[in-house]
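Descriptive analysis of the structure
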Amino acid sequence: MDITYNFISFIESLGVIQGLLLGLMLILVRTRRKRATHYLGLFIVLFSLEPVTNILGDLNILKSYPQLELLPFGFHFLAYPLFYIYIQKVSILEHRKTSYWTLIPGILEVLIGLIVFFMPVKTKMILVNSIWEKIYFSAGLAYTFFICMLTLNWVRMHRRELENQYSLLIHKNLDWVLWFVCGSIFFHLFLLEYYFFGNEILYLFTAIANVVLIYWISYQGLMQQNINSLQEEMNGLMIESRKDEVIENQGMIVETGIQEDFKKKQDLVSEEEVGNMLSVIHEYIEASKCFTKQDLTIIDLADAVNIHPKRISYAINKALDINFNNYINNFRVEYAKELFQSDKARNLSVEGIGMEAGFHSKSTFYTSFNKLEGTTPAKYRSFGS
């Protein structure tokens, strides 16, 4: 058997081996805070197996063993739906219905692939050289792009909801997912170009990118924790606040009924009630300076003012047309302006002022300050002095 082992084959083999090892490791990591990693692990395993057919072809193994043609290792319809489900599971929107339906084309792909693999070699060779192979490859890439768009949209919704519940977004906003999905789109565009035009230099770059992507996403998967929605705590507070009334009238707590009742009442909240709620909230925040707590959540605020978190979120969104995160950051910016004029500013850097005001990072401080004041904290400080 004549085997020729080129550099591209070596890179692809490295990607397969590391993908299998890292994927299996993620599948086995099932802690309470990382309970969705098995979906990511399966994705990495399937993603890393796709180059196997190319490796066997480059090594001339397929010429010696043509029965290995059309190995069922092309998971164009199955891999990225697993990644999409993983993102749904770790996001703040985990309570929403999971899109398991996206796995259906992939499951059919595996079943059909197994049937085709056990066909006679002559039949398989006809399929390899037919237009159907190109149609299958193109359809698989199109479905991958579709799933990527669904993932980007899910992250967008996740971030919008996150900003209504948390004042500290770092490690929760899934920035790495956006980078990975965009990188994956370019990766598959390069793969498409190689498939139809055979640009080996571009394919070498794609093979190296594949190795890097596998390492990077495995690291992110190990670091990423499930982002808990405060929805459960909100519902718990709501049930607790109504517990005595429900027991007295019904003899039991019916959670769904309470939720529906609360939603109806929320829809009937008047502008005057919204204004009163905001006055109470504003006075408490000003007096307590709770915004200096970097990881302040809407639950913390709700406990302090004895107003349901959903009502707080509703009041801020309706009356001020901003989310909870921006609302708290506005207080932090105003406090930072006070600090710039105080004696404390002499001993603190611009970043130090931001930390004192409750900002977790320099970038968030500068972004929020510039958004509200139209200038950077450094320029404001220079102008003030």
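In this text, all values refer to a predicted model and were calculated from it rather than measured experimentally.

1. Regarding helix α10 (residues 200-223)
- Look at α10: 35 Å from first C-alpha to last across 24 residues, which is about the 34 Å you get at 1.5 Å a residue.
- Buried residues belonging to α10 abut α1 (7-28), α2 (37-49), α3 (52-58), α5 (79-90) and α9 (175-197).

2. What to know about the layout of surface pockets
- The space that makes up the largest pocket amounts to roughly 1400 Å³.
- Lining of the largest pocket is provided by 44 residues; of these, T53, H76, E133, Y136 and Y195 occupy positions nearest its centre.
- At the level of secondary structure, the elements contributing two or more residues to the lining of the largest pocket comprise α3, α6 (104-117), α7 (121-128), α8 (131-162), α9 and α10.
- Of the residues belonging to the lining of the largest pocket, the class tally is 26 nonpolar, eleven polar and seven charged.

3. A short note on the nonpolar core
- In terms of nonpolar packing, the biggest core is built from 90 residues, with F43, F83, Y86, I285 and I312 touching the most fellow members.
- For F83, the residues in contact, after removing those within four places along its chain, are L40, F43, T151, W176, V177, F180, V181 and I217.

4. So, the pattern of salt bridges
- Overall, the coordinates contain five salt bridges when judged by the stated rule.
- A salt bridge links E334 to K337; its shortest N-O distance comes to 3.5 Å. With E334 and K337 both in helix α16 (residues 324-340), this residue pair falls three residues apart, about one helical turn.
- Residue class for E334 comes out partly exposed when judged on its relative accessible area of 37%.
- E351 is the partner of K362 in a salt bridge, and the nearest nitrogen-oxygen pair spans 3.4 Å. Taken as a pair, K362 in helix α18 (residues 362-373) and E351 in helix α17 (residues 350-357) lie far apart in primary sequence, eleven residues in all.
- Among the residues examined, K362 registers a relative accessible area of 47% and is labelled partly exposed.

5. Digging into the side chain of E69
- The topology assignment puts E69 in the loop between α4 (61-64) and α5.
- No salt bridge is formed by the buried E69; the nearest opposite charge belongs to K124, separated by 7.2 Å.
- Once residues lying within four places of it in the same chain are set aside, the contact partners of E69 are L62, F117, K124, M125 and V128.

6. Some thoughts on the confidence of the model for the protein chain
- Counting all residues, the mean pLDDT for the protein chain is 83, and 87% of those residues have values of 70 or more.
- Helix α12 (residues 255-267) is the least confidently modelled element of the protein chain, averaging 46 in pLDDT, while α5 averages 95, the highest of any element.
- A low-confidence stretch, residues 243-266 (pLDDT under 50), is modelled with 24 contacts involving residues beyond four sequence positions or located in other chains.

7. Description of the state of the cysteines
- A full pass over the atoms with the stated rule returns zero disulfides.
- No disulfide involves C182; its sulfur sits 8.7 Å from that of C148, the nearest cysteine.

8. Digging into empty space enclosed by the protein
- Scanning the entire structure with this criterion turns up one cavity of 30 Å³ or more.
- Of the voids in this model, the largest cavity is the one considered here, and its volume is about 40 Å³.
- Along the walls of the largest cavity sit E50, F75, H76, A79, Y80, G140, L141, T144 and H188, which together make up its complete lining.
- Elements supplying a minimum of two residues to the lining of the largest cavity: α5 and α8.
- By residue class, the composition of the lining of the largest cavity is four nonpolar, four polar and one charged.

9. Description of the packing of α17 against α18
- Direction vectors running N to C along α17 and α18 enclose 85°, while the axes themselves pass 9 Å from each other. Considered as vectors, α17 and α18 are oriented roughly perpendicular to each other. Along its contact with α17, which presents V350, E351, I353 and G354, the element α18 presents K362, F365 and Y366.
- Looking at side-chain class alone, the contact of α17 with α18 contains four nonpolar, one polar and two charged residues.

10. With respect to the packing of aromatic side chains
- One pass over the structure, following the stated rule, counts 27 aromatic pairs.
- With a centroid separation of 5.7 Å and an interplanar angle of 45°, the aromatic rings of F47 and F187 are classed as tilted. Taken as a pair, F47 in helix α2 and F187 in helix α9 lie far apart in primary sequence, 140 residues in all. Residues F47 and F187 agree in their burial class; the two are buried.
- A centroid spacing of 6.3 Å and a plane angle of 80° characterise the contact between W176 and W216, whose relative ring orientation is edge-to-face. Placement of W176 in helix α9 and of W216 in helix α10 is noted, with a sequence separation of 40 residues between them.
- A relative accessible area of 7% means that W176 is categorised as buried.
- Following the ring pairs from residue to residue traces out a cluster consisting of F43, F47, Y80, F83, Y86, W176, F180, F187 and W216.
- If you follow R332 out to its NZ or CZ, it ends over the ring of F359, 5.9 Å from the centre.
- Its guanidinium or amino end placed over the ring of Y366, K362 lies 5.5 Å from that ring's centre, counting from NZ or CZ.

Reading the values: the criteria
Residues numbered from 1 in each chain as written. Predicted model: local features only at pLDDT ≥ 70, side-chain atom pairs only at ≥ 80, totals over all residues. Heavy atoms only, no water. Helix = DSSP H or I, 4+ residues; strand = E, 2+ residues; numbered from the N terminus. Expected span 1.5 Å × (residues − 1). Contact = heavy atoms within 4.5 Å. 1 Å grid on protein atoms, 1.4 Å probe; cavity = no way out; pocket = protein on both sides within 12 Å on 5 of 7 lines; lining within 4 Å. Points joined across faces, edges and corners; volume = space filled by probe spheres on them. Nonpolar A, V, L, I, M, F, W, Y, C, P; charged D, E, K, R; others polar. Core = buried A, V, L, I, M, F, W, Y, C linked by side-chain atoms within 4.5 Å. Buried < 20%, exposed > 50% of the residue type's maximum accessible area, 1.4 Å probe, protein only. Salt bridge = Lys/Arg side-chain N within 4 Å of Asp/Glu carboxyl O. Lys, Arg positive; Asp, Glu negative; His and termini not counted. pLDDT = per-residue confidence, 0-100. Disulfide = S-S within 2.5 Å. Axes fitted to C-alpha atoms, helices over the stretch in contact; angles between N-to-C directions. Parallel < 35°, antiparallel > 145°, perpendicular 65-115°, else oblique. Phe/Tyr/Trp six-rings, centres within 6.5 Å; stacked < 30°, edge-to-face > 60°. Lys NZ or Arg CZ within 6 Å of the ring centre and 35° of its normal.

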